2 protein chains.
Amino acid sequence: MTAPHPALRLFLRRLSLRSRLTEEEQRAILAMRGHVGQALPNRDIVPPGHRVDHSCLVAEGLAGRFGQLPDGMRQITAIYIPGDMCDLHSAMLPRVEWALQALSAPLTYVKIPHGELLRVSRAYPAVAEAFWRDCVVDASIIAQWVVSLGRRSAVARAAHLLCEMALRIESAGQGTRTTFDFPATQIHVADALGITAVHMNRVVRSLRQRGVLAWTGRTIRILDWDALVHIGSFDEGYLEFHPDAERRPM
Amino acid sequence: MTAPHPALRLFLRRLSLRSRLTEEEQRAILAMRGHVGQALPNRDIVPPGHRVDHSCLVAEGLAGRFGQLPDGMRQITAIYIPGDMCDLHSAMLPRVEWALQALSAPLTYVKIPHGELLRVSRAYPAVAEAFWRDCVVDASIIAQWVVSLGRRSAVARAAHLLCEMALRIESAGQGTRTTFDFPATQIHVADALGITAVHMNRVVRSLRQRGVLAWTGRTIRILDWDALVHIGSFDEGYLEFHPDAERRPM
DNA sequence: CGGAAAGTTGACGTCGATCAATTCCAGTGG
DNA sequence: CCACTGGAATTGATCGACGTCAACTTTCCG
C-alpha cells in the first residue's frame with residue numbers, strides 16, 4: 001500500500017476543522033485513490049454542462065469555479081485553496097453547470113472518483129456527515145459572497161475577500177493571515193468581486209496607498225490587519241472553524 | 001399516530017425531485033415530529049449568532065435568509081417557498097450567522113428538531129444523501145445568485161430571479177410558471193437583488209411596460225415567458241430538477 | 001530580445017444610489 | 001361610513017461609484 005497523497009492529508013485537515021473523525025474513519029479517507037492532474041489558467045479542468053464522475057482536490061495552487069454568461073462575461077463563484085475538494089458536491093449532483101479553472105500556473109490537483117467518495121461515506125456515517133458539513137461550509141461562504149456583491153462597495157468587497165482568503169490559507173497551514181502566497185491575478189480577483197479589471201486595479205492601489213496591503217507578484221502581505229477587517233466589515237464567524245463536540249453521530 | 005403535516009409531504013416532494021427514496025425511507029421522513037409556528041415580516045424567526053436545535057420547514061408563505069451589515073444594510077441570500085427546509089444545513093452547522101424572516105404575512109412553518117433529522121438520516125443512508133443533496137441544490141442556487149449579482153444588470157437580475165421563483169413554485173405544485181402567488185414586497189425583492197427599493201420599482205415598471213410582467217398585489221403573472229427568460233439569460237439547469245437513476249446508494 | 005499577458009493610469013459615460021415628495025392601499029378606530 | 005395611520009408603491013431630480021475606452025508600462029518567459 002502506497003502512502004496517501006499529501007493533498008489528502010490537507011483535505012483531512014480541512015474536514016477536521018469542523019468534524020470529529022475517528023482514527024479508522026481518517027484512515028478510510030486517506031486510503032482513497034485518485035489520479036494527479038495539472039492545469040493552466042484559462043482552460044476548463046471541468047467543463048460546464050457535462051456529467052463528471054470524480055471530484056477535484058486542490059494539491060497546489062489556486063482553482064476557481066466559474067459561472068459564464070452568454071455575452072462572454074464570467075463570474076467566479078468560489079476560490080479553492082490546497083486541501084479544498086473543489087466539487088465535492090458533484091458527488092451528489094454529477095451534472096455540473098459551471099466550469100472549474102486554474103487560477104495559478106500551474107495548478108496541481110487530485111481527481112478522486114465519486115465511487116471512492118461514496119464508498120467511504122456509505123461505510124462511515126460520520127464521514128458522510130463530514131462531507132455533507134463540508135458542502136454546507138462551502139455554501140456558507142458563497143452566501144457571504146452574495147452579501148458582499150449585493151451590499152458592499154468594491155473596496156469593501158476586496159477587503160472582505162482578502163480577509164477570507166487570509167484566514168482560510170492560514171487554517172490550511174499554507175501561510176499566515178498577514179503573509180501568504182496568492183498566485184491569482186488581479187483579473188481573477190476582479191472576476192470574483194464582480195468588478196472590472198481596471199477598477200480592481202484602482203481598488204488595490206487605494207488599499208496600498210492607505211498602507212493596508214502590499215501585493216507584489218504572487219505574495220500578499222497585509223500590513224494592517226485590523227484596518228482591512230474594518231474596511232471589509234469582516235466577521236470570521238461564517239468560516240465555521242472550530243469543530244463542535246456534539247457533532248458526532250451517536 | 002397522527003397524520004403527517006402537509007408541509008412534510010411538500011418537503012418529501014422536493015426531495016423526490018432530485019433523490020429516489022424507497023417507501024420505507026419516505027415513511028420515515030413523513031414520521032418526523034415538529035412544532036408549527038407562525039411569523040410576521042421584519043422580526044427574526046431565527047436570530048443570527050445563536051445556536052439552533054431545529055430546522056424550519058416552510059408550510060405557507062415565503063421566508064428569506066438575511067445577511068446583515070454593521071451599517072444596517074441587509075441582503076437576502078435565499079428565498080424559501082413551501083416545502084423548503086430553510087436551514088436544513090443548520091443540522092450540520094447549528095451555530096448560524098444569518099437571520100431567518102418571513103417575507104409574507106403570515107408565514108407558517110414547522111420546526112423540525114435536528115434530533116429528528118439526524119435520527120432519520122443516520123438510520124437510512126439514502127436519506128442522509130437526499131439531505132446532503134438538498135443542501136447542494138441550495139448551494140447551486142446561491143452560486144447562481146452570485147453570478148447575477150456580480151455580472152447582470154438590475155433588470156436582468158430581476159428577470160432571472162422571477163424565472164427561478166416561477167419554476168421553483170411550479171415544481172412545488174404551488175402554481176404555474178406564468179401565474180403564481182408571490183406575497184413578498186418589492187422591498188424584499190430589492191434586498192435579494194442587491195438594489196434599492198426605489199430602483200426596484202423602476203425595474204418592475206420597465207418589465208411591465210415591455211408587456212412582460214403583471215404584478216398586482218400578491219399575484220405575479222408572467223405575460224411573456226420567453227422574453228423574461230431572454231432578459232435574464234435564464235438557464236434552468238442549475239435548479240437540478242429530474243432525479244438521477246444512478247444516485248441510489250448501492 | 002521579442003511578444004504576450006498583466007498591471008497601471010486618464011478621460012468620459014452610465015447605471016443605479018440618494019434624497020425628497022406624493023400616491024396608493026389595507027387595516028383600525030371613531 | 002369615513003377619517004386616520006403606517007407601510008408600500010411610485011415618480012422626479014441629482015449625484016457618485018464603477019464601467020468603458022484607450023493608451024502606456026511592466027513583467028514574465030521562451
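Scroll up to find the structure.
Note that the structure is predicted; figures quoted are calculated from it, not measured. (Residues numbered from 1 in each chain as written. Chains lettered and ligands numbered in written order. Predicted model: local features only at pLDDT ≥ 70, side-chain atom pairs only at ≥ 80, totals over all residues. Heavy atoms only, no water.)

(A) View of the pattern of salt bridges. Residue and element names in this part refer to chain A. On inspection of all chains with the given rule, the structure shows 23 salt bridges over all chains. Measuring nitrogen to oxygen at the nearest pair gives 3.1 Å for the salt bridge that ties E116 to R119. Highlighted residues: E116 and R119, both in helix α3 (residues 114-123), separated by three residues, approximately one helical turn. We classify E116 as buried; its relative accessible area is 15%. (Salt bridge = Lys/Arg side-chain N within 4 Å of Asp/Glu carboxyl O. Helix = DSSP H or I, 4+ residues; strand = E, 2+ residues; numbered from the N terminus. Buried < 20%, exposed > 50% of the residue type's maximum accessible area, 1.4 Å probe, protein only.)

(B) Representation of the pairing of strand β9 (residues 213-216) of chain B in the model. Residues and elements named next belong to chain B. As paired strands, β9 and strand β10 (residues 219-222) are joined by four bridges and run antiparallel to one another. Bridge pairing in β10 links T216 to T219. Hairpin geometry of β9 and β10 is characterised by an intervening segment of two residues between the two adjacent antiparallel strands and by a positive phi of about 60 degrees at G217. (Pairing = 2+ DSSP bridges.)

(C) Structural detail: the protein's contact with DNA strand C. Neighbouring residues of DNA strand C: 16 residues in total, closest A:Q186, A:N201, B:A154, B:I195 and B:R202. When the atoms of DNA strand C within 4 Å of the protein are grouped by moiety, sugar and phosphate amount to 74% of the total. Here a phosphate oxygen of DNA strand C and a side-chain polar atom of A:R208 are 3.4 Å apart. Only α6 (186-193) and α7 (197-209) of chain A together with α7 (197-209) of chain B provide two or more residues apiece to the surface near DNA strand C. For the surface near DNA strand C, the element with the most residues is α7(A), which contributes five residues. Partitioning the surface near DNA strand C into residue classes produces five nonpolar, seven polar and four charged. (Near = heavy atom within 4 Å. Polar contact = N/O pair within 3.5 Å; in protein donor to acceptor, adjacent residues only side chain to side chain. Nonpolar A, V, L, I, M, F, W, Y, C, P; charged D, E, K, R; others polar.)

(D) Representation of the relation of the copies chain A and chain B in the model. Overlaying chain A with chain B gives an RMSD of 0.0 Å, the required rotation being 180 degrees about an axis along which the chain moves by 0.0 Å. In the structure described here, the two chain copies are related by an operation that fits a two-fold rotation axis. A share of 100% of the interface residues of chain A reappears at the interface of chain B, consistent with the copies meeting face to face through the same patch. (Least-squares fit on C-alpha atoms with pLDDT ≥ 70 in both. Contact = heavy atoms within 4.5 Å.)

(E) Up close: the nonpolar core. Membership of the largest hydrophobic core comes to 157 residues, with the highest contact counts inside it found for A:F182 and B:F182. Not counting chain neighbours up to four residues away, the residues in contact with B:F182 comprise B:L62, B:M165, B:I169, B:V189, B:W215, B:R218, B:T219 and B:I220. (Core = buried A, V, L, I, M, F, W, Y, C linked by side-chain atoms within 4.5 Å.)

(F) Inspection of the interface of chain A and chain B at higher detail. Counting from both sides, the interface comprises 56 residues of chain A and, opposite them, 56 residues of chain B. Taken together, the two surfaces of chain A and chain B that pack against each other cover about 4,600 Å², and 67% of this comes from carbon and sulfur. By the criterion of area lost to chain B, the three top residues of chain A are A:M92, A:W132 and A:R151, representing 21% of everything that side buries. Taken together, the links from chain A to chain B amount to four salt bridges. For B:R151, the salt bridge goes to A:D191, with nearest N and O atoms at 2.9 Å. Inspection of the chain A/chain B interface yields 12 residue pairs in polar contact (both at pLDDT 80 or more). With 18 residues, helix α4 (residues 125-151) of chain A is the single largest residue contributor to the side of chain A that touches chain B. Residue composition of the side of chain A that touches chain B, by class: 27 nonpolar, 11 polar and 18 charged. (Buried area = accessible area lost by both parts, 1.4 Å probe.)

(G) Quick peek at α6(A). Residues and elements named next belong to chain A. Within α6, six of the eight residues are buried, leaving the element largely enclosed by the surrounding structure. Taken residue by residue, α6 has H188, V189, A190, D191, A192 and L193 as its buried positions. Phi for G194, located one or two positions after α6, is positive at around 75 degrees.

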